[in-house]
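Residues per chain, in single letters:
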Amino acid sequence: MSAMELCDLSAYELAALIRKREISAVEALESTLERIELVDGRPGSLDAGEITAEDHAKVHAFITRTEETARAQAQAVDKSISEGVIPGPLAGVPYTVKDIFNVRGTRSTAGSRILSNYTAPYTATAVERMEKAGAVMLGKVNLDEFTHGSSSESSAYQPAPRNPWDTSKVPGGSSGGSTAAVAAGMGALSLGTDTGGSIRQPAAFCGVVGLKPTYGRVSRYGLIAFGSSLDCPGPVARNVRDAAMMLSVIAGPDRRDSTAVTIPVPDYTAEIEAGVKGMRIGLSPDFFKIQYFNHESGQMEEEPISDEIKQAVEQAADRLSEMGARVVENVPMPRTKYGIPTYFVISRVEVASNLHRFDGVKYGYRTPVPAEDLDELYRRTRAEGFGAQPKLRILMGMYVSAAQYSEQYYQRALRVRSLIRGDFERIYDPQGEYRLDALLTPATPTPAFGYGDVYGDTVLMQYADQFTVTGNHAGVPGLSLMGGLSKERLPLGIQLLGRDYDEATLLRIGRAFEVATEDAAWRKVRPQVLEGLS
Amino acid sequence: MTEYEAIIGLETHIQLNTETKIFCACKADSWGDPANSNICPVCSGLPGVLPVLNRAVVEKAVLLAKAMHAEVQSDSYFDRKNYFYPDLPKGYQITQNDHPIALGGYMDLPLPDGGTRKVGITKLHMEEDAGKTKHEHGRRLVDFNRCGVPLIEMVTAPDLRSADEVAAYLIRLRQLLRWLDISEADMEKGHLRADANVSIRLKGETGLNEKTEIKNVNSIESLRTAVEKEIARQIREVEAGNAIEAWTLDWDEDTQSLSKMRSKETMADYRYFKEPDLLVVRLDEAWESAILADFPELPLARRERFVREYGLPEYDADILTSERSLSDYFESVNQAYGGDPKRVSNWLMNDVLRLLNEQGLEAKDLKVTPGYLAEIIKLVDANTINTPTGKALLEKVQQTGQPPKEIVEAEGLAQVSDTGLIREIAARIVAENPDSVEKFRGGKEGLMGWFVGQVMRESKGKADPNLAREVLEELLKG
Ligand SMILES: [Zn+2]
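Counting restarts for each chain, with residues numbered from 1 along the sequence as it is written. Chain A is the first chain written and ligand 1 is the first ligand written, with later ones labelled in order. Restriction of local features to residues with pLDDT of at least 70 applies here, the model being predicted, together with a cutoff of 80 or more for giving and counting side-chain atom pairs; totals for whole chains, interfaces and linings are based on all residues. Think of the side-chain values as coming from all heavy atoms in the structure, minus any hydrogens and water.

Undergrad: Can you walk me through the overall build of chain A in this structure?
TA: Numbered from the N terminus, helices here are DSSP runs of H or I no shorter than four residues, and strands are runs of E no shorter than two. Scanning chain A from terminus to terminus reveals 16 helices and 13 strands. Only C-alpha atoms enter the radius of gyration, while the globule expectation follows 2.2 Å times N to the 0.38, with N the number of residues. Computed over its C-alpha atoms, the radius of gyration of chain A comes to 22 Å, within 12% of the 24 Å expected for a compact globule of 534 residues. Its C-alpha atoms put chain A at 65 × 60 × 50 Å along the principal axes. Here chain A, with 534 residues, has 65% of them falling under the buried criterion. Whether two residues are in contact is decided by their heavy atoms, any of which lying within 4.5 Å being enough. Relative to all contacts within chain A whose residues are 6 or more apart in sequence, the contacts with residues 24 or more apart total 76%. Within the structure as shown, chain A displays about 18,600 Å² of accessible surface, and the carbon and sulfur contribution to it stands at 51%. Classification of residues uses two cut-offs on accessible area relative to the type maximum, computed with a 1.4 Å probe and protein chains only: under 20% is buried, over 50% is exposed, and between them is partly exposed. Values of accessible area rely on a 1.4 Å probe in the Shrake-Rupley scheme; residue burial ignores everything except the protein chains shown.

Take a look at the structure:
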């Protein structure tokens, strides 16, 4: 096993050392930049040319690196601390930002050619709060184009990110750059987004902690929208405490986002060690199978999930039970199977509208071909600027919201969405039969799949989000964390789904699970790309 | 001869006079400002921005809804109307479709024959404006200043029956909007925009025939003319056996004519859906009653009351209630005066209105306070000054802001009621004008006015004209 570097420390540890002036923010940053040099390879670009064997062995988390501003930020933190002022709870902690957030003066591409030349004139609220807390931004990390995917392969910026545990596998997506970076020590934290599972699924694939907060808990201002009623910015971290620290920083009301709730933000680390004694944690059979619609037979069909993941979840339930939680089995979540089809409709309608603004008129890419008229300008710009995923989603969104189909698809999907919400309300109802504090599920049906294996099959790709997407429909929080390692040495992800605005309980359970598995053999294994580093 | 009647509905867009835009903090009114000077990431639709609703827009919408007798909804929603156009930076307009702020409503439009036309309202909702595009030197220029300016779209039922009724409706609407301080309601500046849907039918028929839509008219007068012309055209077409087609007609102000606009082959599908970036607009009882706490008496009700309570002629009542501050002013003067309201009305209708028009003021801005005007009228009533002096005094008070009595004293404006002095002047004039005297005595009694005028001139306007007349009659007839 290789030596631990500063960049492998948690945000909590780094912040404490920097605060106590045992290390400087600049040292933490330089260690991280060195790691990036060693494992990340070339950043994603539009004209990547041939993807070489060397590329295959690297992580490629970044699109844009901002070393210079990072150094300035780190120096400012050190200066401030030397003057006796602690800039904030994350002072000096290096982190990355998914390239779907606007950061003033920084290229903000959304992983798309259509924003390749776009420099944001303002900063997203969540990023602004990280800055205020003293965190040091390393740069913008890669993602599926406009967050449209579950593997990060669809980015217009290649090479796309790869899984640090096995670079022949995908890191998941769409926050694949974020989770790969955190897993490989390229920043202790990353700011991701989750619309159908885009934080939790790649966190599971990369063996890190990913938290999708309750809808409205973190402001969406400055996040380039995908599904506006589903999008949640959230933390990616290496452990639960770090995720809690980061959530405490980024959560809260925002006068620029009216859907950001005004409910007060607790200190999510305060009760984190309080354990699970007396908590009711549910297991649902509906999360132990993949259910999908077979277009040929016209029937819903079922397939089992990976045995290894199933076991990881069962073992997690055992650990939590040993720590005093009451595990409630056979909790019915009958609408889980409608999660993906419903998502296919709602997210597409919203994104088709959200992507209207990219028309080549005001900013971003515009076709170099002189257009005969306005319609041609629009058509060429969008045909050349968008990749396959946004195009597919726009087409589908246009179709299902058209006047003659809206009732049949969109309005119906909205009704199904409230039924899905009903599933959750029933199991959390304090007067109900289940009275759960959380639901324990697999985060994904399988561990990370091979690079190129699923890409191109939009429907199959989407089923990677089967267990995460209902949380977005219902708006409830979800925490994804590593629950073990497969025989192939790939992380196995488990998920905790919770009550509205009750991230604190999920974090507490997650932390208890970490404590319970502290000495597990799989905890000692490091990602492949970190093996053999001096 | 066949008799036709016109069936007209109006689609109006009302620009609200809020300080800031509907979803951001930019200044709402950009009149005279350079292009793209009142914009921010939100109203220019940059990636990642979100709208935040300006509560003042809701408040003004509620005021209008109440004035139109519409049913204000406790929950309303915004929707996205999706389409591509360069002046629409997000590619969708945030508007209200399924669940608007108010439902139903009507306006009782007084007609010249004394009757009333009940004009139904079929739509009343809040929305954001788009920007402006113009073509210059083969380039298309876009100005986003107007993006996000708050609008209320209000559509009438096809209840208007003539071009005159169209004009009357818009005049009443403009009056109401200013009365409620909702909008400047200036059609020339685009604060009030109106498109007219026009069709005709034989009198006595009940169905609706194909209609045309008149767009881009910039004044009430022009819309009256445009509608008149379109009705005449439709009658000509029908008489000639031609069918009316559902055209959109563009008004050309310079040539005062309508021309057919390029028609779209298919109806646009805006793919409306609920705006996920905004919450439900929840108008709870507390908020609604706060908005309506100072809801004023409306112009038509006040007009009726002026007739009833003050015994004013309809004509006076109509003019005095044309504008809220004028009607308030009338009531205040009347209260301070305590005499015949018609006398106050005369002063307002003749002198005060002229002053307001000349100086471009509203009654509330006058230096002649209601108290001062009452004082001037009382001075005239008491014969302390004569009427022409009173009118001159009004101007002086407005210039200086000094109390009328002080001016009268300082400038010695008090009327001469000294019979001796007047007799002396009158005698001199009679002596100096033997020709006129002879003519008067020969039966040209109309010359009396001339003699009185001479006395007034000689006395520098201070003589009591009634007294002068008395003395002159004595001298001339005697
Ligand atoms: Zn603005």
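Additional details are given in the paragraphs that follow.
Undergrad: Mind showing me how you'd approach the packing of helix α13 (residues 434-441) of chain B against helix α14 (residues 448-458) of chain B here?
TA: For any two helices packed against each other, one specifies the inter-axial angle together with the distance between the axes. A fitted line through C-alpha atoms serves as each axis, taken over the contacting stretch for helices, and the angle formed by two N-to-C directions is quoted from 0 to 180°. At a minimum axis distance of 10 Å, the contact between α13(B) and α14(B) shows a crossing angle of 145 degrees. Across the interface between the two elements, Ser436(B), Val437(B) and Phe440(B) of α13(B) pack against Met448(B), Trp450(B) and Phe451(B) of α14(B).

Undergrad: Looking at this model, I keep getting lost on the pattern of salt bridges. Mind explaining?
TA: Oppositely charged side chains can form a pair if their charged atoms are brought close together. All names here are of chain B. Each salt bridge in this description consists of a side-chain nitrogen of Lys or Arg and a carboxyl oxygen of Asp or Glu lying within 4 Å of one another. On inspection of all chains with the given rule, the structure shows 69 salt bridges over all chains. In this structure, Arg 354 and Asp 351 form a salt bridge, with 3.7 Å as the shortest nitrogen-oxygen distance. One end of the pair is Arg 354 and the other is Asp 351, both in helix α8 (residues 341-359) and three residues apart, which spans about a single turn. The exposure class assigned to Arg 354 is partly exposed, which follows from its relative accessible area of 33%.

Undergrad: What is the right way to read empty space enclosed by the protein from this model?
TA: In this approach, a probe sized like a water molecule rolls over the atoms, and the result shows the empty space that is left. Here a cavity is any set of points on a 1 Å grid over the protein atoms alone where a 1.4 Å probe fits but cannot get out, and a pocket is any open set with protein on both sides within 12 Å along at least 5 of 7 lines; a residue lines the site when it has an atom within 4 Å of a point. Grid points are joined across faces, edges and corners, and a volume is the space filled by probe spheres set on the points. Tallied over the full model, the rule gives five cavities of 30 Å³ or more. Counted as a void, the largest cavity has a volume near 100 Å³. When grouped by side-chain class, the residues that make up the lining of the largest cavity number eight nonpolar, two polar and four charged. Classification convention: Asp, Glu, Lys, Arg as charged; Ala, Val, Leu, Ile, Met, Phe, Trp, Tyr, Cys, Pro as nonpolar; all other residues, Gly among them, as polar.

Undergrad: I tried to follow the interface of chain A and chain B on my own but got confused; where do I start?
TA: It is common to report an interface's size as the accessible area lost on association of the parts. Each partner contributes to the interface: chain A provides 38 residues, whereas chain B provides 30 residues. What gets called buried area is simply the loss in accessible area from a 1.4 Å probe that two parts show on being joined, summed for both. For the pair chain A and chain B, the two sides together bury roughly 2,800 Å², of which 58% comes from carbon and sulfur. A per-residue breakdown of the area chain A buries against chain B is headed by Ser258(A), His356(A) and Arg357(A), which together make up 23% of the total. Where chain A touches chain B, the interface holds one salt bridge. The partner of Asp277(B) in a salt bridge is Arg220(A), and the shortest N-O contact between them spans 3.0 Å. Under the rule applied, a polar contact is a pair of N or O atoms within 3.5 Å (in protein, one hydrogen donor and one hydrogen acceptor; residues adjacent in sequence only if both atoms are side-chain atoms). Applying the counting rule to chain A against chain B returns 21 residue pairs in polar contact (both at pLDDT 80 or more). Tallied by class, the residues present in the side of chain A that touches chain B amount to 19 nonpolar, 11 polar and eight charged.

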